[in-house]
Amino acid sequence: FFIVFRTQQAYQRFQMGAIATHEMRGEWFDACSSLVAFCKHSEANISLVLRFQHKLIRLFSMLHSVALADLEDDGYHYEETRRR
């Protein structure tokens, strides 16, 4: 009974974490797409607007990548190596 209960609880926690991660990605996607859409009405030079949009998308991509890397437990702890 205890093994089943603990396994079910661990699976529920995993599912909650996966759902929260997908929600986080969705919120960032909405923010990025809104910013790109706002650029449609810009009066700036089209090359500057495109450059800004490309940089914005790359930055949001890096933000998501860093967030996922932070969630990953690879045994490497930045704080421990920083103290050395």
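Conventions used here
Residues numbered from 1 in each chain as written. Predicted model: local features only at pLDDT ≥ 70, side-chain atom pairs only at ≥ 80, totals over all residues. Heavy atoms only, no water. Helix = DSSP H or I, 4+ residues; strand = E, 2+ residues; numbered from the N terminus. Areas by Shrake-Rupley, 256 points an atom, 1.4 Å probe, with all protein chains shown as cover. Axes fitted to C-alpha atoms, helices over the stretch in contact; angles between N-to-C directions. Parallel < 35°, antiparallel > 145°, perpendicular 65-115°, else oblique. Left-handed = near helix turned anticlockwise from the far one by under 90°. Contact = heavy atoms within 4.5 Å. Patch = residues over 30% accessible without salt bridge, like charges linked within 9 Å, V, L, I, M, F, W, Y side chains within 5 Å. Salt bridge = Lys/Arg side-chain N within 4 Å of Asp/Glu carboxyl O. pLDDT = per-residue confidence, 0-100. Disulfide = S-S within 2.5 Å. Buried < 20%, exposed > 50% of the residue type's maximum accessible area, 1.4 Å probe, protein only. Expected span 1.5 Å × (residues − 1).

Points about the overall build of the protein chain
And then number 1: Regarding its fold elements, the protein chain presents three helices and zero strands.
And then number 2: When the helices and strands of the protein chain are placed in sequence order, the string is α-α-α.
And then number 3: Carbon and sulfur atoms make up 61% of the accessible area of the protein chain, which amounts to about 7900 Å² in all.

Regarding the packing of helix 1 (residues 2–38) against helix 2 (residues 46–71)
And then number 1: Close contact between helix 1 and helix 2 brings their axes to 10 Å; oriented N to C, the two are set at 170°. One element, helix 1, and the other, helix 2, form an angle in the roughly antiparallel class. Helix 1 and helix 2 meet at a crossing whose hand is right-handed. Only Gln53, Leu56, Ile57, Phe60, Leu63, His64, Ala67, Leu68 and Leu71 of helix 2 make contact with helix 1, whose side of the interface consists of Thr21, Met24, Arg25, Trp28, Ala31, Cys32, Leu35 and Val36.

Some remarks on a nonpolar patch on the surface
And then number 1: On the surface, a cluster of nonpolar side chains totalling about 450 Å² of accessible area is made up of Phe1, Phe2 and Phe5.
And then number 2: For phenylalanine 2, the location among the structural elements is in helix 1.

Observations regarding the confidence of the model for the protein chain
And then number 1: Per-residue pLDDT for the protein chain averages 87, and the proportion of residues at 70 or more is 87%.
And then number 2: Mean pLDDT values for the elements of the protein chain range from 61 in helix 3 (residues 78–83) up to 92 in helix 2.

Some details on the state of the cysteines
And then number 1: Taken as a whole, this structure holds zero disulfides when the rule is applied.
And then number 2: Considering cysteine sulfurs only, cysteine 39 is the nearest to cysteine 32, which forms no disulfide, with 9.5 Å between them.
And then number 3: The exposure class of cysteine 32 is buried, given its relative accessible area of 9%.

Comments concerning the side chain of glutamine 53
And then number 1: Relative to the elements of secondary structure, glutamine 53 occurs in helix 2.
And then number 2: Among the residues examined, glutamine 53 registers a relative accessible area of 14% and is labelled buried.
And then number 3: In this view, glutamine 53 contacts Val36 and Cys39; residues no more than four positions away in its chain are not counted.

Regarding helix 2
And then number 1: When the terminal C-alpha atoms of helix 2 are compared, their 38 Å separation across 26 residues agrees well with the 38 Å that a helix rising 1.5 Å per residue should span.
And then number 2: Taken as a whole, helix 2 has its buried residues at Val49, Gln53, Leu56, Phe60, His64 and Ala67.
And then number 3: Where the residues of helix 2 are buried, they touch helix 1.

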